[in-house]
Amino acid sequence: MTHTLVTVEALLLVAASPGLAALLLLDPAPANLPLAAVCLLPLGPATAAALYALDRRDRDLTDLHPARSYWRGWRLNAVPVLKLWTPLLAWLTVIAFTLTHFTATGLPGWWAVLLAAVGVGSLLWGAHALVLTALFAFRARDTARLAGYFLFRHGRATLGAASLLVLTAAGTAVLTEALPALLAAPLLLSLLHSSRPVIAETQKDFTA
């Protein structure tokens, strides 16, 4: 498993490197939020491919070729993931831009709390959508609906994703901004394990 984690981690960084490299060159200014979202576009397919490869290894312990599984997952999922990842990034960019310019909106303070909650909910929806897209071949709109359904249907899975989100945010704030990239494979493996009820129900009730 260590070999798989190291390989998947390296390949994820390679697949996402064009956007991540450009992201490092951007000034951390609110005006650059749309450009940051564009830089994060390659991360969607790279993450889905990692989930695909980790799931294959988890189900077949004799699979000693994680690189082959990773690139197969990337080829299969790049376009389906971008159909959901792109609007998600756009929506999160709107929320982040609004929050960073909130004083100029003239809205009451509770709107900021509401927007932040919507942003967190969108991230959790995105976590379910990534898992579903990586492991199943649904249409984008069906994946979007299932991700929303499972957001409340399987509270433990959603709570698991939320815990990983909090852990990542705290580690990034306290240690280094590179932490999510350095620990991407273990974090995604944890997401995969917490999503097992979602995966099992999808296989049972929504696949032939």
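Residues numbered from 1 in each chain as written. Predicted model: local features only at pLDDT ≥ 70, side-chain atom pairs only at ≥ 80, totals over all residues. Heavy atoms only, no water.

Asker: So what exactly am I meant to see when it comes to the nonpolar core here?
Answerer: The nonpolar side chains of a soluble globular protein tend to be buried, and buried together. Counting 47 residues, the largest nonpolar core has L51, Y70 and L191 as its most contacted members. Secondary structure elements with two or more residues in this core: α1 (2–25), α3 (43–59), α4 (66–100), α6 (109–135), α7 (140–153), α8 (155–174), α10 (184–194) and α11 (196–205). With sequence-adjacent residues up to four places away left out, Y70 is seen in contact with V8, L11, L12, A15, A46, A49, A50 and A53. (Core = buried A, V, L, I, M, F, W, Y, C linked by side-chain atoms within 4.5 Å. Buried < 20%, exposed > 50% of the residue type's maximum accessible area, 1.4 Å probe, protein only. Helix = DSSP H or I, 4+ residues; strand = E, 2+ residues; numbered from the N terminus. Contact = heavy atoms within 4.5 Å.)

Asker: Where do I start with the packing of aromatic side chains in this structure?
Answerer: The description of two aromatic rings rests on the distance between their centres and on the angle between their planes. Applying the stated rule across the entire model yields six aromatic pairs. An aromatic cluster is built from Y149, F150 and F206, whose rings are joined through pairwise contacts. (Phe/Tyr/Trp six-rings, centres within 6.5 Å; stacked < 30°, edge-to-face > 60°.)

Asker: Help me out: how do you make sense of the packing of α1 against α10 in this one?
Answerer: A pair of packed helices can be characterised by two numbers: the angle between their axes and the separation between those axes. Put simply, α1 and α10 touch, their axes get as near as 8 Å, and they point 110° apart. Between α1 and α10, the angle is such that the two are roughly perpendicular. As for how α1 packs across α10, the hand of that crossing is right-handed. Two secondary-structure elements touch here, α1 through L5, V8, E9 and L12 and α10 through A184, A185, P186, L188 and L189. Residue classes in the contact of α1 with α10 are distributed as eight nonpolar, no polar and one charged. (Axes fitted to C-alpha atoms, helices over the stretch in contact; angles between N-to-C directions. Parallel < 35°, antiparallel > 145°, perpendicular 65-115°, else oblique. Left-handed = near helix turned anticlockwise from the far one by under 90°. Nonpolar A, V, L, I, M, F, W, Y, C, P; charged D, E, K, R; others polar.)

Asker: Any chance you could explain α4 here in plain terms?
Answerer: Owing to its 3.6 residues per turn, the α-helix brings residues three or four apart onto one side. Between the first and last C-alpha of α4 there are merely 41 Å, a value that for 35 residues lags more than 12% behind the 51 Å anticipated at 1.5 Å per step. Residue N77 marks the point of greatest curvature in α4, where the axis turns by about 50°; the proline P80 follows within four residues. (Expected span 1.5 Å × (residues − 1). Bend = angle between axes of the 7 residues up to and from the residue.)

Asker: I would appreciate a short explanation of the pattern of salt bridges in the present structure.
Answerer: Opposite charge on two side chains allows them to pair when their charged atoms are near. Within this structure, the stated rule accounts for four salt bridges. The salt bridge involving D142 is made with R139; its shortest N-O contact spans 2.9 Å. By relative accessible area, R139 is classed as partly exposed at 49%. In this structure, the salt-bridge partner of R153 is E201, at a minimum N-O distance of 3.3 Å. Here R153 is found in helix α7, whereas its partner E201 is found in helix α11, with 48 residues between them in sequence. When salt bridges that share partners are traced, they join R139, D142 and R145 into one network. (Salt bridge = Lys/Arg side-chain N within 4 Å of Asp/Glu carboxyl O.)

Asker: What should I look at first to understand the side chain of T93 in this one?
Answerer: Looking at the element boundaries, T93 is found in helix α4. In contact with T93, other than residues within four places in its own chain, are L33, P34 and A37.

Asker: Before we go on, may I ask you to explain the environment of L88 in this structure?
Answerer: By secondary structure assignment, the location of L88 is in helix α4. Judged by its relative accessible area of 9%, L88 falls in the buried class. Once the C-alpha coordinates of L88 and A184 are considered, the two residues, 96 residues apart in sequence, prove to be 19 Å apart. Not counting chain neighbours up to four residues away, the residues in contact with L88 comprise S122, W125 and G126.

Asker: Help me out: how do you make sense of the side chain of N32 in this one?
Answerer: For N32, the location among the structural elements is in the loop between α1 and α2 (33–39). Of note is the side chain of N32, whose polar atom sits 3.0 Å from the backbone oxygen of D27. Contact partners of N32, with chain neighbours within four places excluded, come to L26 and D27. (Polar contact = N/O pair within 3.5 Å; in protein donor to acceptor, adjacent residues only side chain to side chain.)

Asker: Looking at this structure, how should I read empty space enclosed by the protein?
Answerer: Rolling a probe over the atoms, with the probe sized like a water molecule, indicates the empty space that remains. One pass over the structure, following the stated rule, counts one cavity of 30 Å³ or more. Empty space within the largest cavity amounts to approximately 70 Å³. Lining the largest cavity, in full, are V81, L84, W85, L88, W125, G126, A129, L130 and T133. Every element with two or more residues in the lining of the largest cavity is listed here: α4 and α6. Per-element tally for the lining of the largest cavity: the top contributor is α6, with five residues. Per-class residue counts for the lining of the largest cavity are seven nonpolar, two polar and no charged. (1 Å grid on protein atoms, 1.4 Å probe; cavity = no way out; pocket = protein on both sides within 12 Å on 5 of 7 lines; lining within 4 Å. Points joined across faces, edges and corners; volume = space filled by probe spheres on them.)

The values reported here are purely geometric and, on their own, carry no functional implication.
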